[in-house]
Amino acid sequence: MRAARPRSARRPFLRTAALSCAVLSAAGTLPACGIGAADEPTIAHKHALTIGVKEDQPSLGVKGKDGTYQGFDVDVATYIAGKLGVRKDRITWRTTNSSVREKALADGTVDMIVATYSITAKRKRAVTFAGPYYVAHQDTLVAPGNTTIHAVRDLKGRKICAVTGSNSWRRVIEERKIAAVPVQAPTYGACMDDLAAGKLDAVSTDDLILAGFAAGRPGKIINAPFTDEKYGVGLKKGDLEGCEQINRAITAMYQDGTAARLLTKWFGKSGLKLTTSVPQFEGCT
């Protein structure tokens with residue numbers, strides 16, 4: 001057996017390799033370079049993906065009795081995966097509620113999340129976001145007979161749903177300083193049950209989420225939007241290569257007409273004004 005090369009003898013080789021790698025990288029010869037670069041975590045070169053979605057948001061992400069998922073977010077994720085070279089039959093779907101999204105990405109439970117995941121400055125500290133793939137707007141849904149809530153300011157003193165891990169209720173109470181009463185719930189499906197049971201006065205969140213629920217349950221959207229909700233594709237922090245590839249996929253999705261077709265498919269009858277131009281990206285960080 002050949003004796004191991006002394007550590008001091010290996011140093012010139014490492015310096016030379018690092019210099020050569022830097023030259024090749026600058027010339028565009030290598031996609032990634034440097035000692036250990038091949039081990040950098042990215043979804044860009046995976047042949048199979050586990051994607052986090054919601055299971056109880058009509059028209060966005062719903063899990064059927066047969067275990068399959070469907071909705072706008074599911075279709076968007078399938079399109080993106082295809083652009084990354086991952087076939088539909090190589091995707092594993094995993095229900096990922098708002099309260100566990102950051103943890104699921106950090107520990108590798110999912111490779112990416114497409115689940116009405118609004119991009120915020122706070123979340124950017126823990127997650128790398130591609131996109132947004134759509135910009136929704138926060139609005140409010142009330143019970144069918146409610147005639148007293150016409151705008152966000154009318155939520156003062158009213159019981160509104162506060163989903164664990166969601167920022168929507170905070171935008172009412174903390175950002176706009178409206179003294180609504182938060183009522184905790186694990187999911188927006190639970191919010192809708194509480195609204196129907198009279199335990200809530202309103203559910204305030206993204207208009208696409210509300211449109212999905214309003215299509216199948218009693219209730220009305222007041223059509224008084226007051227925020228921009230930038231839906232991003234959540235990735236493990238630091239996956240800049242994956243982020244850039246997904247941004248290219250999202251651009252293609254709008255340019256080839258797929259985005260318009262999917263929005264019409266899932267929300268065309270909702271009455272919402274749908275945006276079919278490429279959103280302005282946040283930038284990969």
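Residues numbered from 1 in each chain as written. Predicted model: local features only at pLDDT ≥ 70, side-chain atom pairs only at ≥ 80, totals over all residues. Heavy atoms only, no water.

Caption draft 1: Geometry of the overall build of the protein. Looking only at helices and strands, the protein has nine helices and 13 strands in total. Classification of the 285 residues of the protein by burial places 44% in the buried group. Pairs at least 24 residues apart make up 71% of the contacts formed inside the protein by residues separated by at least 6 positions. Of the roughly 14,600 Å² of accessible surface on the protein, 52% is carried by carbon and sulfur atoms. (Helix = DSSP H or I, 4+ residues; strand = E, 2+ residues; numbered from the N terminus. Buried < 20%, exposed > 50% of the residue type's maximum accessible area, 1.4 Å probe, protein only. Contact = heavy atoms within 4.5 Å. Areas by Shrake-Rupley, 256 points an atom, 1.4 Å probe, with all protein chains shown as cover.)

Caption draft 2: Structural view of the packing of helix H2 (residues 72-83) against helix H8 (residues 240-255). Across the interface, H2 lies against H8 with an axial gap of 9 Å and an inter-helix angle of 115°. Considering how the two elements wind past one another, H2 and H8 form a crossing that is right-handed. Contacts between H2 and H8 involve Val76, Tyr79, Ile80 and Lys83 from the first element and Ile246, Ala249, Ile250, Ala252 and Met253 from the second. For the contact of H2 with H8, a count of residues per class yields eight nonpolar, no polar and one charged. (Axes fitted to C-alpha atoms, helices over the stretch in contact; angles between N-to-C directions. Left-handed = near helix turned anticlockwise from the far one by under 90°. Nonpolar A, V, L, I, M, F, W, Y, C, P; charged D, E, K, R; others polar.)

Caption draft 3: Up close: the sheet that holds strand S1 (residues 49-53). Spatially, the five strands line up as an open sheet ordered S5-S1-S6-S13-S7, and their pairing is mixed. Two strands lie at the open edges of the sheet, namely strand S5 (91-95) and strand S7 (127-136), each paired on one side alone. Bridge analysis of S1 against strand S6 (residues 112-113) gives two bridges, and the strand direction is parallel. When the sheet's bridge partners are listed, Ile51 is paired in S6 with Met112. (Pairing = 2+ DSSP bridges.)

Caption draft 4: View of the state of the cysteines. Tallying each qualifying case throughout the model produces two disulfides. Two residues share a disulfide in this structure: Cys161 and Cys191, whose sulfurs sit 1.9 Å from each other. Negative torsions about the S-S bond denote left-handed disulfides, and the value of about -80° found for Cys161 with Cys191 makes this one left-handed. In this pair, Cys161 is assigned in strand S9 (residues 159-163) and Cys191 in helix H6 (residues 188-196), connecting sequence segments 30 residues apart. For Cys161, a relative accessible area of 4% gives the class buried. (Disulfide = S-S within 2.5 Å.)

Caption draft 5: Layout of the sheet that holds strand S2 (residues 56-57). Within the open sheet, the three strands sit side by side as S2-S3-S4. Their pairing is antiparallel. One side of each edge strand has no neighbouring strand; the edge strands of this open sheet are S2 and strand S4 (69-70). Bridging between strand S3 (residues 61-63) and S4 involves two bridges; their strand directions are antiparallel. Looking across to S4, one finds that Lys63 is bridged to Tyr69.

Caption draft 6: Examining helix H5 (residues 168-175) more closely. Where H5 is concerned, the buried positions are Ser168, Trp169, Arg171 and Val172. The buried residues of H5 all sit within an arc of 165° when viewed along its axis, so they share a single face. Of the surrounding elements, those touching the buried residues of H5 are strand S8 (138-142), S9, strand S10 (181-185), H6, strand S11 (202-206) and strand S13 (229-236). Residue Lys177 follows H5 closely and has a positive phi angle near 55°. (Arc of directions from axis to C-beta.)

Caption draft 7: Representation of the packing of H2 against helix H9 (residues 258-267). At a minimum axis separation of 10 Å, H2 and H9 run at an interaxial angle of 160°. As summarised for this structure, H2 and H9 are arranged roughly antiparallel, according to the angle between their axes. Judged by the twist between their axes, the crossing of H2 over H9 is right-handed. Here Phe72, Asp75, Val76 and Tyr79 of H2 come into contact with H9, specifically with Thr258, Leu262, Leu263, Lys265, Trp266 and Phe267. Per-class residue counts for the contact of H2 with H9 are seven nonpolar, one polar and two charged. (Parallel < 35°, antiparallel > 145°, perpendicular 65-115°, else oblique.)

Caption draft 8: Looking closely at the confidence of the model for the protein. Averaged over all residues, the pLDDT of the protein equals 87, while 86% of them reach at least 70. In the model, residues 1-39 has pLDDT below 50 throughout and makes eleven contacts with residues more than four positions away in sequence or in other chains. (pLDDT = per-residue confidence, 0-100.)

Caption draft 9: The packing of aromatic side chains, seen in detail. Per the stated rule, a full pass over the model turns up five aromatic pairs. Centre to centre, the rings of Phe72 and Phe267 are 5.8 Å apart; their planes meet at 70°, and the pair counts as edge-to-face. With a gap of 195 residues between them, Phe72 in helix H2 and Phe267 in helix H9 connect regions that are remote in the sequence. Judged by relative accessible area, which is 1%, Phe72 ranks as buried. Relative to Tyr231, the ring of Tyr133 lies with its centre 6.0 Å away and its plane at 45°, an arrangement referred to as tilted. Here the residue Tyr133 occupies a position in strand S7, and Tyr231 occupies one in strand S13, the gap between them amounting to 98 residues. Using a relative accessible area of 0% as the deciding quantity, one classes Tyr133 as buried. Classification of Tyr231 by relative accessible area gives buried; the value is 0%. (Phe/Tyr/Trp six-rings, centres within 6.5 Å; stacked < 30°, edge-to-face > 60°.)

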